[in-house]
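Chains, contacts and geometry: an overview
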Amino acid sequence: MRAPIQQVQFDTYGPPRVLTCAPVPRPTAGPQQLRVAVHAAGVNPVDWRYRQGQLKWIDWASFPRTPGADVAGVVVAAGAGVDDFRVGDRVCAMLDTRRAGGYAEQVLVPAADAVAIPSALTMVEAAGLPLVTLTAIQALRDQAKLQVGEHVLINGASGGVGTMAVQWAKAHGATVTGVCSHRNIALVESLGADAVIDYTQEDFARHTGAFDVIFDAFGNRSISDVAPALRLGGRFVTTDITPPSLGRMVGSWIMPGPAVRVVVVEPSGPDLRHAMQLVRTGALRPVVDRTFPLCDAAEAHRYSETHRAQGKIVLVTDAHGTS
Ligand SMILES: NC(=O)c1ccc[n+]([C@@H]2O[C@H](COP(=O)([O-])OP(=O)(O)OC[C@H]3O[C@@H](n4cnc5c(N)ncnc54)[C@H](OP(=O)(O)O)[C@@H]3O)[C@@H](O)[C@H]2O)c1
């Protein structure tokens, strides 16, 4: 019998201490799936939002469950019909956030959502990329329809989503203003931002008519308080998936004024390949704040819940289970 693997799981909604490490059987790859030995798993706020029960209204998964939508590791088995990957390939992927499962020594990944990790990236760096980079791309390209030469403001520019959004917007010919607190100004400038606003000193909404697009990557502002900062034809996109934000989006479909959009990130192999191409050209670089051992996931959640992460938090495994 194959040895079990370690997996982080929770049996009930609650504080970080509901996360425990437990031995479970190795999964078996089905058609079009990869079984991946996870070397590193990215931590995202959605992981603790599910754990806390904040997302009960869209949450139908049963207990026990394993958080984790971002993984990087090595393919240990490929199911029927997988042509693009072989055992031994280094891959990363975003998993469906509703099912998740990435905080584990092994996980099943749909082959269509996996991409090869560029040789320049470590497993830790690769694990920090998928969900936040796909969010930035799907927000700026698909929701905001950001055009070359436009001026975009990114609120929360030093977080996981914001660090990727600043770089993606610069790579696509936009002028970028980032918003963060004083301690992160140098970081956001180093990512290519043309200007940085320290939100503890100044409210960006007072920059009347300054921006074509406002991307609220942190998700704490509403269209009603930032609308004056948008130009005619301006667009506001937020990561905040709450009923009030969704209501304001629907309202903007029928009312005159700026377009309001809520980004809801989805796994996408093609978008992740696009991101990895930007990594290869040097236009996109991961920003990793801290790593924690897999079974210290509760500590990683406590840190993420402070809202102070500079870029990404990543869990690392030490037993990769190569069979
Ligand atoms: N809708 C979607 O599909 C989707 C996808 C991804 C993420 N999200 C949501 O988007 C939000 C951001 O995610 P993330 O991964 O980027 O989070 P994160 O990495 O935890 O964000 C941490 C950053 O937020 C900054 N921050 C804290 N308070 C701020 C404020 N008042 N104004 C501006 N920045 C502030 C901090 O910088 P300072 O220390 O400088 O303040 C820190 O660098 C989360 O709520 C997450 O749930 C939604």
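Within each chain, residue numbers correspond to sequence positions counted from 1 in written order. Reporting of local features is limited, given that this is a predicted model, to residues whose pLDDT is at least 70; pairs of side-chain atoms are given and counted only at 80 or more, and all residues count toward the totals for whole chains, interfaces and linings. Side-chain metrics rest on all non-hydrogen atoms present in the structure, leaving aside hydrogens and water.

**A look at the domain arrangement of the protein chain**
Reports often express the size of an interface as the amount of accessible area lost when the parts come together. The domains assigned to the protein chain are domain 1 (5-129 + 286-316) and domain 2 (138-262). The C-alpha-based centres of domain 1 and domain 2 are spaced at 28 Å. Residue contacts are defined here by distance: any two heavy atoms, one from each residue, within 4.5 Å place the two residues in contact. Taken together, the contacts link 10 residues of domain 1 with 15 residues of domain 2. When domain 1 packs against domain 2, the two sides together hide about 890 Å² of surface, and 59% of this comes from carbon and sulfur. The largest share of the area that domain 1 buries against domain 2 comes from Trp57, Val287 and Gln310, three residues that together contribute 49% of it. By definition here, a salt bridge exists when the distance from a side-chain nitrogen of Lys or Arg to a carboxyl oxygen of Asp or Glu is within 4 Å. At the surface where domain 1 touches domain 2, the tally comes to zero salt bridges. What counts as a domain boundary in this text is fixed by an automatic or database domain assignment. In short, buried area is how much 1.4 Å probe accessible area vanishes from two parts on joining, totalled over both.

**Describing the packing of helix α3 (residues 130-143) against helix α4 (residues 160-171)**
A fitted line through C-alpha atoms represents every axis, and for helices the fit uses only the stretch in contact; the resulting angles, taken between N-to-C directions, go from 0 to 180 degrees. Elements are defined by DSSP. Helices are runs of H or I of four residues or more, strands are runs of E of two residues or more, and each kind is numbered from the N terminus. For the pair α3 and α4, interaxial distance at closest approach is 8 Å and the crossing angle is 50°. One element, α3, and the other, α4, form an angle in the oblique class. Crossing of α3 over α4 shows right-handed handedness. For the pair α3 and α4, the contacting residues are Val132, Thr133, Thr135, Ala136, Ile137, Leu140 and Arg141 in the first and Gly160, Val161, Met164, Ala165, Trp168 and Ala169 in the second. Angles are sorted into four bins: roughly parallel if under 35 degrees, roughly antiparallel if over 145, roughly perpendicular if 65 to 115, and oblique for all others. The handedness criterion is simple: a crossing whose near helix is rotated anticlockwise from the far helix by less than a right angle is left-handed, and one whose near helix is rotated clockwise is right-handed.

**Regarding a nonpolar patch on the surface**
Patch membership requires over 30% relative accessible area and the absence of a salt bridge. Like charges are linked within 9 Å, and nonpolar side chains (Val, Leu, Ile, Met, Phe, Trp, Tyr) within 5 Å. Using the Shrake-Rupley algorithm and a 1.4 Å probe, accessible areas are obtained, with residue cover drawn only from the displayed protein chains. Taken together, the side chains of Val250, Trp253, Ile254 and Met255 present a nonpolar region at the surface, about 480 Å² in accessible area. Turning to its location among the elements, Trp253 is positioned in helix α7 (residues 243-254). Remark: exposure states derive from per-residue accessible area (1.4 Å probe, protein chains only) relative to the maximum for the residue type, with buried under 20%, exposed over 50%, and partly exposed in between. Its relative accessible area of 54% is what places Trp253 among the exposed residues.

**Comments concerning the packing of α3 against helix α8 (residues 269-281)**
Running from N to C, α3 and α8 cross one another at 100°; their axes reach a closest spacing of 10 Å. The orientation of α3 with respect to α8, classified from their angle, is roughly perpendicular. Contacts between α3 and α8 pair Pro130, Thr133, Leu134, Ile137, Gln138 and Arg141 from the former with Asp271, Leu272, His274 and Ala275 from the latter.

**What to know about the nonpolar core**
Residues Val152, Ile154 and Phe215 are the most contacted members of the largest nonpolar core, which totals 56 residues. Counting residues per element, this core draws most heavily on α3, at seven residues. Excluding residues that lie within four positions of it along the chain, Phe215 makes contacts with Ala136, Ala139, Leu140, Leu153, Ile154, Asn155, Val161, Ala165, Val237, Thr239 and Val263. In this description, a nonpolar core means a group of buried Ala, Val, Leu, Ile, Met, Phe, Trp, Tyr and Cys residues linked to one another through side-chain atoms lying within 4.5 Å. Counting residues in each nonpolar core, the second largest holds 30 residues, with Ala41, Val91, Val109 and Leu315 among its members.

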